[in-house]
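So you can see what is in the structure, the chains are spelled out below.
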Amino acid sequence: MISHDNYELMRSFGGQVLYRGHNHDDSHWNFGYSGAPDNDPIAAAMPAFEIVGKEEPKDHAFLWDFSLKANGGKHFLTFRQESGSCVGNGLGQAIWYLQAVEVCRNGDAEEVILPFWLLTYGKSREIAGMRGQGEGSFGSAAAEAMKREGILPSNDPSLPQPDLKDGICYGYKTEMQWSDGAKISNKYLEVSRKHIVKTAAKIKNSEEAKAALRNYYPLTCASMFGTANLVPPTKGTPPVRLAPRTDSWGHQMCCIGWLAHPELGDLFFILNSWGPDVHGKPAGSYNEPPGGFWITAKDMDFMARDEVFAFSQFDGFPAQTFSWLI
């Protein structure tokens, strides 16, 4: 059940009601993802997901272990969307965590800088055939845009800067302005194309999702998964906020953690782009960041019926090789 308060809150994140049940019950929402296109040629052209070599034994893989190292022991700020830009937000957060992994785990001589996801989002809409300003894109188009057009570091002073009061938010007007990929200046593309992801692969089920995360590859998750209780109940020992699939959201988020929970089995941590507080304070058992929730392997299987992608090999932002102020 979506309460009236939650209904208005979800509208503030760019939610559009596709179906509105009696007294807001059983509403179906679109936050910028309307479902994977039929016979999607972009996803079909991607390499099959495969892990080569042996993995060390582990019972969890948390990408925030590396973001904490990159950010002085503090969690990255959560994103907050104001239009149907979920595909861009989910991709941007995934790439930010990928940077942290590659710098703090793999030793890349680069800086971890907030990615300006709006460029990649706008180009994804262009790749998907969406012309002009508007809302929405596809997960596969965003993955292709990340491979083809790359991403900008947000510390270019000529770029719009976000509001940080309730998560990282560029605002509706700016999100819409950058949604027209055809109008993005070549001066930005010349820089962004130096910072691409070399590998993106479609994830077909929870076992592949687990394998990707065990190798510290973040996932974007575009699907119709939704949970009517925005503050999920705590379950299990140790306790986690476990979100049941009780609603339908056309929405892309990202996945940055896997856990073999001693009672609940394989769990996946989904980071949303609705600010730090909408899903309640994390249970704290695993020091997870605010702004997300855990789901079961069954629900990850449900997400993977649509568009779940893993990302690796990011050409990041070299440390101290240039200055935007020159």
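The shown structure was predicted, so the numbers you read here are calculated from the model rather than taken from an experiment.

Enquirer: Is there a simple way to think about the nonpolar core in this case?
Expert: Inside soluble globular proteins, nonpolar side chains tend to come together where they are buried. Grouped together as the largest cluster of nonpolar side chains are 95 residues, with contacts concentrated most on Leu219, Phe268, Ile270, Trp294, Met300, Met303 and Phe311. Of all the elements, helix α4 (residues 86-104) adds the most residues to this core, at 10 residues. Setting aside residues up to four positions removed in sequence, methionine 303 forms contacts with Cys221, Ala222, Ser223, Phe225, Met253, Ile270, Ile295 and Val308.

Enquirer: Explain the packing of helix α5 (residues 117-127) against helix α6 (residues 139-148) here, please?
Expert: Packed helix pairs are specified by the crossing angle of their axes together with the interaxial distance, meaning the distance between the axes. At a minimum axis distance of 8 Å, the contact between α5 and α6 shows a crossing angle of 115°. Seen from above, α5 lies across α6 with right-handed handedness. Residues Thr120, Lys123, Ser124 and Ile127 of α5 pack against Ala141, Ala142, Glu144, Ala145, Met146 and Arg148 of α6. Here the contact of α5 with α6 is built from residues that sort into five nonpolar, two polar and three charged.

Enquirer: Would you mind going over the pattern of salt bridges with me for this structure?
Expert: Charged atoms that come close allow side chains of opposite charge to pair. Taken as a whole and judged by the stated rule, the model has 10 salt bridges. With its nearest N and O atoms 2.7 Å apart, the salt bridge here joins glutamate 149 to arginine 193. Separated by 44 residues along the polypeptide, glutamate 149 in the loop between α6 and β6 (152-153) and arginine 193 in the loop between α8 (186-192) and β7 (197-202) bring together distant segments of the chain. Residue class for glutamate 149 comes out buried when judged on its relative accessible area of 7%. Under the relative-accessibility criterion, arginine 193 is labelled partly exposed at 42%.

Enquirer: I would appreciate a short explanation of the packing of α4 against α5 in the present structure.
Expert: Look at α4 against α5: their axes get within 9 Å of each other, and the N-to-C directions meet at 135°. If you check the angle between α4 and α5, you find them oblique. Where α4 crosses over α5, the handedness of that crossing is right-handed. Where α4 abuts α5, its residues Gly88, Asn89, Leu91 and Gly92 lie against Trp117, Thr120 and Tyr121. Looking at the contact of α4 with α5 residue by residue, the class counts come to three nonpolar, four polar and no charged.

What counts and how
- Sequence order as written defines residue numbering, which begins from 1 separately in each chain.
- Given that this is a predicted model, residues contribute local features only at a pLDDT of at least 70 and side-chain atom pairs are listed and counted only at 80 or more, while totals for whole chains, interfaces and linings are drawn from all residues.
- To get the side-chain values, all heavy atoms of the structure are used, and hydrogens and water are removed first.
- What is meant by a nonpolar core is a set of buried Ala, Val, Leu, Ile, Met, Phe, Trp, Tyr and Cys residues, joined one to another through side-chain atoms within 4.5 Å.
- Think of it in three bands: residues with accessible area under 20% of the maximum for their type are buried, residues over 50% are exposed, and the middle band is partly exposed, with areas taken using a 1.4 Å probe on protein chains only.
- Helix numbers and strand numbers start at the N terminus; a helix is a DSSP run of H or I with at least 4 residues, a strand a run of E with at least 2.
- Contact definition: two residues touch when any of their heavy atoms are within 4.5 Å.
- Comment: axis = line fitted to C-alpha atoms, over the contacting stretch for helices; angle = value between 0 and 180 degrees taken between N-to-C directions.
- For any pair of crossing helices, the crossing counts as left-handed if the nearer helix is rotated counterclockwise from the farther one by less than a right angle, and right-handed if it is rotated clockwise.
- Charged residues are taken to be Asp, Glu, Lys and Arg, nonpolar residues to be Ala, Val, Leu, Ile, Met, Phe, Trp, Tyr, Cys and Pro, and polar residues to be all remaining types, Gly included.
- Here, a salt bridge means any Lys or Arg side-chain nitrogen found within 4 Å of an Asp or Glu carboxyl oxygen.
- These descriptions rest on fixed angle ranges, namely under 35 degrees for roughly parallel, over 145 for roughly antiparallel, 65 to 115 for roughly perpendicular, and the rest for oblique.

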